[in-house]
Amino acid sequence: ASCIATYAPGMAEAYSASPDAVAQNILVDTGNDDVRISQAVVAMAGKSDVAAQMKATVKQFKQCAGTTITFKEEGASQIKMTNGDPELNDDKTVLSIMSHDTKGPQTCERAMAGYRNMIIDVMACGSASYYGQGVALAKALSDKLASQKA
C-alpha cells in the first residue's frame, strides 16, 4: 500500500502533507484507449511544504524501486505494475519513476516537479514506451506556470 503513490498522481494518499487544493485532468485517447495521461497541479501551503514533499517522494520512490503493486481500476481486471528506479532529469528539476505491466506491454511514467507552492504531478501511460513523456509533460506544465504572473 505504501508504494501506490508511484501510480497515484494527484491523490491525497500520495502526499505526506494535506494539499490545499488539487486540480486534476485525465486524458484518454478515444481512438486508442490504452493511452492515458493524468496531469495535476497540487497547491501546498508554501514552498517549504513542496520541498518536504519532493524530498519524501524521492525517498518513497527509492524504497519502492523494484516492487510490484497490485490494484484494480474501475471496470478493469487486476493490474500488476513493477516499478523501475527513480530518476532526476538532467537539470534536476523533475523526479520520475517508470512502471511496467507484468502481464502486458503497458508502461507508465510518473513525474513530479515543484514550482513555488505547487507540485506538478503527472503520469503518462500506454502500450508504447512512455519513457520521458511524463518528464516532458511535467517540465512543460512547470514552464507554463513560470510564464504566468504570480
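Scroll up to find the structure this text is about.
The structure displayed is predicted, hence computed values, not measured ones.

Engineer: Just give me the short version of helix H2 (residues 133–147), but keep the residues and values in it.
Structural biologist: Because each turn of an α-helix spans 3.6 residues, side chains separated by three or four positions end up pointing in the same direction. In a regular helix each residue adds 1.5 Å, so 15 residues correspond to 21 Å; H2 covers 21 Å between its end C-alpha atoms and thus fits that length. For H2, the full list of buried residues reads Gly134, Val135, Ala138, Ser142 and Leu145. The buried residues of H2 occupy one face: seen down the axis, they fall within an arc of 100 degrees. Away from its buried face, by an angle of more than 90 degrees, H2 presents the exposed residues Lys144 and Ser147. The inward-facing, buried residues of H2 abut strand S6 (94–101), strand S7 (107–115) and strand S8 (118–126).

Engineer: Residue-level account of unusual backbone geometry, with values.
Structural biologist: Of note in the backbone geometry, Lys92 takes a positive phi value of approximately 60 degrees without being a glycine. Inspection of the secondary structure puts Lys92 in the loop between strand S5 (87–88) and S6. Phi at Arg116 takes a positive value of approximately 50 degrees, unusual for a residue other than glycine. With respect to the secondary-structure elements, Arg116 resides in the loop between S7 and S8. The partly exposed category is assigned to Arg116, whose relative accessible area is 35%.

About the criteria used
Residues numbered from 1 in each chain as written. Predicted model: local features only at pLDDT ≥ 70, side-chain atom pairs only at ≥ 80, totals over all residues. Heavy atoms only, no water. Helix = DSSP H or I, 4+ residues; strand = E, 2+ residues; numbered from the N terminus. Expected span 1.5 Å × (residues − 1). Buried < 20%, exposed > 50% of the residue type's maximum accessible area, 1.4 Å probe, protein only. Arc of directions from axis to C-beta. Contact = heavy atoms within 4.5 Å.

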